[in-house]
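Below, each chain spelled out in residue letters.
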Amino acid sequence: MADKQNSILLSLREIIEEVSTKSSFEDTVTTLVEKIRKAANCDCCSLYLLNSRKTFLCLEATDGLQKESIGKVMLQVGEGLVGLVAKKQELLNLADAPSHPNFKYLPDVGEDEFMSFLGAPVINQGELLGVLVIQSKESRQFDAQEETFLITLSAQIASIIAQNKSVKENTVEYNGKRYKGKTGSGSIAIAQAVVWKPPVTFETATIMYSDDKEIQSELFHQTLFQLQTEMDLANLRLQETSHNTASSGYMSGYGSLLDDTTFEDEVDSEIFNQGFVATSAIKVVAQRRIDKANDENHPDKVSDIRDFASILISRLVHLSPSDTDLTVPIVIVVKSMPAALVAEMPHNKVAGFVCVDNATSSHTAILARDLGIPAVIDVNIDLDEVDGKTIIVDGQNAEVIVEPSSSVVDEYMQLISQRRELHDLFEAVKFEKAISQDGKRITVQLNAGLSHEDDDLAQQTDGIGLYRTEIAFMLSNTLPTEEQQISWYKGLLTQFKDLPVCMRTLDIGGDKLLPYLPIEDSQNSALGWRGIRVCIDQPNILKSQLRAMIKANIDTGNLDIMLPMISRLEEVLIVKRILNESYNEIVEELGHEIPRPRLGVMIEVPCVAFILDELAAECDFFSIGSNDLIQYLFAADRTNQKVSKIFDPFNPAAVRCLKYLKDKCDATGKSIAVCGEQAGSTTGSMLLMSLGYENLSMNYSQIARIKYIVRNINLEELQEIGRTALTLNSSAKIKSLYVEYAKQKGLSTVIDPKNFIDVDDRS
Ligand code: PEP
Ligand code: MG
């Protein structure tokens, strides 16, 4: 019994693992039915899927029935045994299927020989996708373990099918072949695909010998020198073209290898002592270093060394993507490509970039994103199949479409121009204030994590509504000192010197961990030791942060301090005591008065709603962390896709809660802002404004879009909609109020998710 269970579990895992690696929908479902039939030791396994309009079930894959029936057998929900399983959404286990009143004889399907039938509904996030069936020639009842096997399997494959099914439906509809990648960046590119395949790579370089040792060494040094010069140029070009601060230093891994004279010496020694040709010597030396880095568990170093050696080897055989003759922009498709080669590609001629492997994905993907090149990485595509064909690279959805029909190209062209138009609309209001058509002012603030170096950032925002201090802590190798923190905070306070800057105390725990401060917590970390709870239990960390903040604020006086994850009044009192203590100590140290920061409480844990009066007496302002508030309000993990439907700001409970909080805070006389994702979402921000919220804080990429929305709505009209929303009983009804209003105000393309793309992304 236990053996059978173990083997079932093993089969389950193997099936899921194997199926997950398939890239096309056909491969996925074909493999699925074959594997299940074998694992269940039965004679037939078939998968029927509901069509997109949910009108009938179609045989999608079978191992046992006539293959010719695939795509042809259609059953309505309720029709036949399969239709019955779909209708009731229950398991059906029959020893003698043909004698069941619902049995439907289908000619030419080859079902005649099967007696027993076990069917299970395939349900993903509450939505029926289809029916999975196993059948046996022998007339027998399937046992409880077989039932469990099928139920568990159908639950596990549901999300895989859901993902692939939507891609497939699109494929049929769009008449082009779609491939899903793991990472995407940038906007959309449509161009001819050019596959770049180096004839020799690090992996394929063979060991060869030469008597011309001097020449081999000379070749190696020349190549190295040339590469050094080009890398410097590429770095310069990068600094000119990239708009993100993060772009510097991608080449640092190669840079250090380029400057490493021991690498040169070792390669020379292999050439002179072993008689290797230059490419072989490089391979041998690099392999030695890779082995060492592997032993020391430095995967980043491994990929840097491999990339670097690959570049040198390909240079030595005279090949570089910049040699590719480019007269018109193309999409470069490669198996793998080191970041340095991406950097040296002629950017104005590369419309997009597709990479099959993920081995170099971290550097390559980040670099592509920084350069604004639409890119899809880690996509299972056949290089020979795509070469020379028209290809669409949709970086935002991490999707590649090969040979799209002209209607698809038209649709994407339209999308590109729509995004361009939107981009121009948003650009035009970037420096404007968010004032509604009826003259009401909404403050639009920035959620910041790292310091932003754009000079004009302060002119684009009404200040910082949330500075997540933990991000700087996360990028540090050790706990930062007070001095270090002062310099971080001072930089930001000075950059925004005439505007309020709201800094949140360290919010770690949950999914945010510091490498140097282990948080041993229960599995249920979202409900555990996080946010203010950690700071209160580690008062030294809190005190040093508060002292750094107060000191950083001395010259500018624009600091607000905000506390995350507050659930009890006592927590605020403790922090206030430490804040006052720190403030008084600093005043005493300096011997003169200094600006005193205001103190705010984040509303993230729902219980806070019931102690707002007491909290208001102790703080200066409130700010809603809607990400956590909604997560805790609905007990729905904000990172879990399976419950994303429940995590819903348009749910009547969320809407009424938000209204209650706004009214209650108004009654206390304390201001209230919203700094979670909802504030930066198009319809989400409209909902908030309709409930009376006037202070919204969001990520940089959303600021111009939200300003544009505010400038095109009438706040009084929107507040009327808010009053209606409070009377409705479903999320769908509430959401459609805002969608309809947006349409009325000419904002439909602005709120369309297809158009959600960072405003600074290149189209
Ligand atoms: C929030 O919870 O909405 C919030 C702003 O904080 P974080 O997303 O950093 O938890
Ligand atoms: Mg939060």
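Refer to the structure presented above.
Residues numbered from 1 in each chain as written. Chains lettered and ligands numbered in written order. Predicted model: local features only at pLDDT ≥ 70, side-chain atom pairs only at ≥ 80, totals over all residues. Heavy atoms only, no water.

Engineer: Give a description of the packing of aromatic side chains that names residues and reports values.
Structural biologist: In the structure shown here, the tally under the stated rule is seven aromatic pairs. Taking the centre distance of 5.2 Å and the plane angle of 35 degrees together, the rings of Tyr-209 and Phe-276 count as tilted. Placement of the pair is Tyr-209 in the loop between β8 (188–196) and α5 (213–241) and Phe-276 in the loop between α7 (261–274) and α8 (278–295), with a sequence separation of 67 residues. A residue is classified by how much of its surface remains accessible, and Tyr-209, at 57% relative accessible area, is exposed. We classify Phe-276 as buried; its relative accessible area is 9%. Ring geometry for Phe-426 against Tyr-708: centres 5.6 Å apart, planes inclined by 65 degrees, an arrangement best described as edge-to-face. Here Phe-426, found in helix α13 (residues 406–429), pairs with Tyr-708, found in helix α25 (residues 700–711); they are 282 residues apart in sequence, far enough to count as distant. With relative accessibility at 14%, the residue Tyr-708 sits in the buried group. Members of the aromatic cluster, joined through ring pairs, are Tyr-467, Phe-473, Trp-488 and Tyr-489. (Phe/Tyr/Trp six-rings, centres within 6.5 Å; stacked < 30°, edge-to-face > 60°. Helix = DSSP H or I, 4+ residues; strand = E, 2+ residues; numbered from the N terminus. Buried < 20%, exposed > 50% of the residue type's maximum accessible area, 1.4 Å probe, protein only.)

Engineer: Kindly report on the nonpolar core, identifying the contributing residues and their values.
Structural biologist: Soluble globular proteins tend to bury their nonpolar side chains together. Residues Ile-603, Phe-622, Leu-661, Tyr-693 and Leu-696 are the most contacted members of the largest nonpolar core, which totals 98 residues. Residues contacting Leu-661, with those up to four places away along its chain left out, are Ile-603, Ala-609, Leu-612, Ile-624, Leu-629, Ile-672 and Tyr-693. (Core = buried A, V, L, I, M, F, W, Y, C linked by side-chain atoms within 4.5 Å. Contact = heavy atoms within 4.5 Å.)

Engineer: Residue-level account of the coordination of the magnesium ion (ligand 2), with values.
Structural biologist: Coordination of the magnesium ion (ligand 2) by the protein involves Glu-604 (OE) and Asp-628 (OD), with metal-donor separations of 2.0 Å. Linking Glu-604 in the loop between β18 (598–603) and α20 (612–618) with Asp-628 in helix α21 (residues 626–634), this pair joins segments that are 24 residues apart in sequence. Like Asp-628, Glu-604 is buried. (Donors = N, O, S within 2.8 Å, 3.2 Å for Na, K, Ca; no water.)

Engineer: Got a sec to walk through the site of ligand 1? Specific residues and values, please.
Structural biologist: Neighbouring ligand 1 are 15 residues, the closest being Arg-468, Arg-504, Glu-604, Asn-627 and Arg-638. Between ligand 1 and the protein, one listed contact pairs an oxygen atom with a side-chain N or O atom of Glu-604 at 2.8 Å. At 3.4 Å, a backbone N or O of Gly-625 approaches an oxygen atom of ligand 1. In the complex, the protein chains occlude 99% of the 290 Å² of accessible area that ligand 1 would expose alone. (Near = heavy atom within 4 Å. Polar contact = N/O pair within 3.5 Å; in protein donor to acceptor, adjacent residues only side chain to side chain. Areas by Shrake-Rupley, 256 points an atom, 1.4 Å probe, with all protein chains shown as cover.)

Engineer: Quick rundown of the sheet that holds strand β3 (residues 74–76)? Include the residues and the values.
Structural biologist: Picture the strands of a sheet paired through backbone hydrogen bonds; they go either parallel or antiparallel. The strand order across the open sheet formed by six strands is β3-β2-β1-β6-β5-β4, and the pairing between neighbours is antiparallel. Both outer strands of the open sheet, β3 and β4 (92–94), are each paired with one neighbouring strand and no more. Pairwise comparison of adjacent strand axes, ignoring direction, gives a mean angle of 25 degrees for this sheet. Pairing geometry for strand β2 (residues 56–63) and β3, over three bridges, is antiparallel. Each bridged residue has a counterpart across the sheet, and for Phe-56 the counterpart in β3 is Gln-76. (Pairing = 2+ DSSP bridges. Axes fitted to C-alpha atoms, helices over the stretch in contact; angles between N-to-C directions.)

Engineer: Help me get a handle on the pairing of strand β19 (residues 621–624), residues and values and all.
Structural biologist: Every second residue of β19 is oriented toward a common face, with Phe-621 and Ser-623 on one face and Phe-622 and Ile-624 on the other, all of them buried. For β18 and β19, the ladder comprises four bridges, and the chain directions are parallel. Looking at the pairing, Met-602 lines up with Ser-623 of β19. Pairing between β19 and strand β20 (residues 671–674): four bridges, direction parallel. Bridge pairing links Ile-624 to Val-674 in β20.

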